[in-house]
Amino acid sequence: MTAQDTIQTTVDENDVVLFMKGTKLMPRCGFSSKVAGILNFMGVDYLDVDVLSDEEIRQGIKEFSDWPTIPQLYVKGEFVGGCDIVIEMTLSGELDQMLADKGVAFDTEKADQIRAANA
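Owing to the predicted nature of the structure, the values given are computational and were not obtained by experimental measurement.

Can you explain the overall build of the protein? Please cite residues and give values.
Each helix and strand in the protein was counted, giving 6 helices and 4 strands. In the protein, the succession of α and β elements from N to C terminus is α-β-α-β-α-β-β-α-α-α. Taking 119 residues into account, the globule formula puts the C-alpha radius of gyration at 14 Å, and the protein, at 14 Å, falls close to it. In terms of principal-axis extent, the alpha carbons of the protein reach across some 45 × 30 × 25 Å. Expressed as a percentage of its 119 residues, the buried residues of the protein come to 41%. When contacts within the protein are restricted to residue pairs at least 6 apart in sequence, those whose partners lie at least 24 apart make up 60%. Entry remark: accessible area of the protein is about 6,400 Å², with carbon and sulfur atoms responsible for 49%. Measuring between centres, the 10 positive side-chain charges of the protein sit 6 Å from its 21 negative side-chain charges.

Structure follows, in structure tokens:
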């Protein structure tokens, strides 16, 4: 199985996947920490994939999405974006809408708290 096959299978078999540096409980870069923090705070159930533990996945995910940076968030097989996009979508409410539209559970009150804290 190639790295591309592994990535495709991971994205297909999990509702929400975050390819990141480190893990959701121990991020190893600030950008990964920000996205994991948002998802953790909002109570989103997601799979974290530590790209630092597998160089083929680390390079392969960039080719898979045609996106040069990590972290990368996928929801129901759809590439959402990296740190800046996830933050922007969270603050605008677009992430809430996407999660709701795709049937992914999250805590709306926590999402509102993030927006209130950043108003």
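There is more to say, and it comes next.
With reference to specific residues and values, describe the packing of aromatic side chains.
Each aromatic ring pair is specified by the distance between its two centres and by the angle formed by the two planes. Summed over all chains, the structure comprises 4 aromatic pairs. In this structure an aromatic cluster arises from ring pairing among Phe19, Phe64, Trp67, Tyr74 and Phe79. Taking NZ or CZ as reference, Lys24 lies 4.3 Å from the ring centre of Tyr46, over its face.

Any chance you could break down the pairing of strand β1 (residues 16-20) for me, citing the residues and the numbers?
Burial analysis of β1 places 5 of its 5 residues in the buried class, the great majority of the element. Neither face of β1 is left uncovered, since the one carrying Val16, Leu18 and Met20 and the one carrying Val17 and Phe19 both have all their residues buried. In this sheet, strand β3 (residues 72-75) lies alongside β1 in antiparallel orientation, the contact comprising 4 bridges. Bridge pairing in β3 places Val17 opposite Tyr74.

Go over the environment of Pro27, please, and point to the residues and values.
Looking at the secondary structure, you find Pro27 in the loop between β1 and α2 (30-41). Judged by relative accessible area, Pro27 falls into the partly exposed class, the value being 27%.

Please give an account of the nonpolar core that cites residues and values.
The nonpolar side chains of soluble globular proteins are, as a tendency, buried together. Leu18, Met42, Val44, Leu73, Val75, Leu95 and Leu99 are the most contacted members of the largest nonpolar core, which totals 23 residues. When residues of this core are traced back to their parent elements, those giving at least two are β1, α2, β3, α4 (83-92), α5 (94-101) and α6 (108-117). Looking at this core element by element, the count peaks at 4 residues for α2. Once you skip the residues sitting within four places of it in the chain, Leu99 turns out to touch Met42, Val44, Val75, Val104 and Phe106.

An account of the side chain of Gln72 is requested, with residue identities and associated values reported.
Within the secondary structure, Gln72 is located in strand β3. In terms of polar contacts, Gln72 uses its side chain to reach the backbone carbonyl oxygen of Trp67, at 3.2 Å. Among the polar contacts made by the side chain of Gln72, one reaches the side chain of Tyr74 at a distance of 3.1 Å. Sequence-distant contacts of Gln72, that is, excluding residues within four places in its chain, are made with Val17, Leu18, Phe19, Ile61, Lys62, Ser65, Trp67, Phe79 and Gly81.

Cut-offs applied
Residues numbered from 1 in each chain as written. Predicted model: local features only at pLDDT ≥ 70, side-chain atom pairs only at ≥ 80, totals over all residues. Heavy atoms only, no water. Helix = DSSP H or I, 4+ residues; strand = E, 2+ residues; numbered from the N terminus. Rg over C-alpha atoms; globule rule 2.2 N^0.38 Å. Buried < 20%, exposed > 50% of the residue type's maximum accessible area, 1.4 Å probe, protein only. Contact = heavy atoms within 4.5 Å. Areas by Shrake-Rupley, 256 points an atom, 1.4 Å probe, with all protein chains shown as cover. Lys, Arg positive; Asp, Glu negative; His and termini not counted. Charge placed at Lys NZ, Arg CZ, Asp CG, Glu CD. Phe/Tyr/Trp six-rings, centres within 6.5 Å; stacked < 30°, edge-to-face > 60°. Lys NZ or Arg CZ within 6 Å of the ring centre and 35° of its normal. Pairing = 2+ DSSP bridges. Core = buried A, V, L, I, M, F, W, Y, C linked by side-chain atoms within 4.5 Å. Polar contact = N/O pair within 3.5 Å; in protein donor to acceptor, adjacent residues only side chain to side chain.

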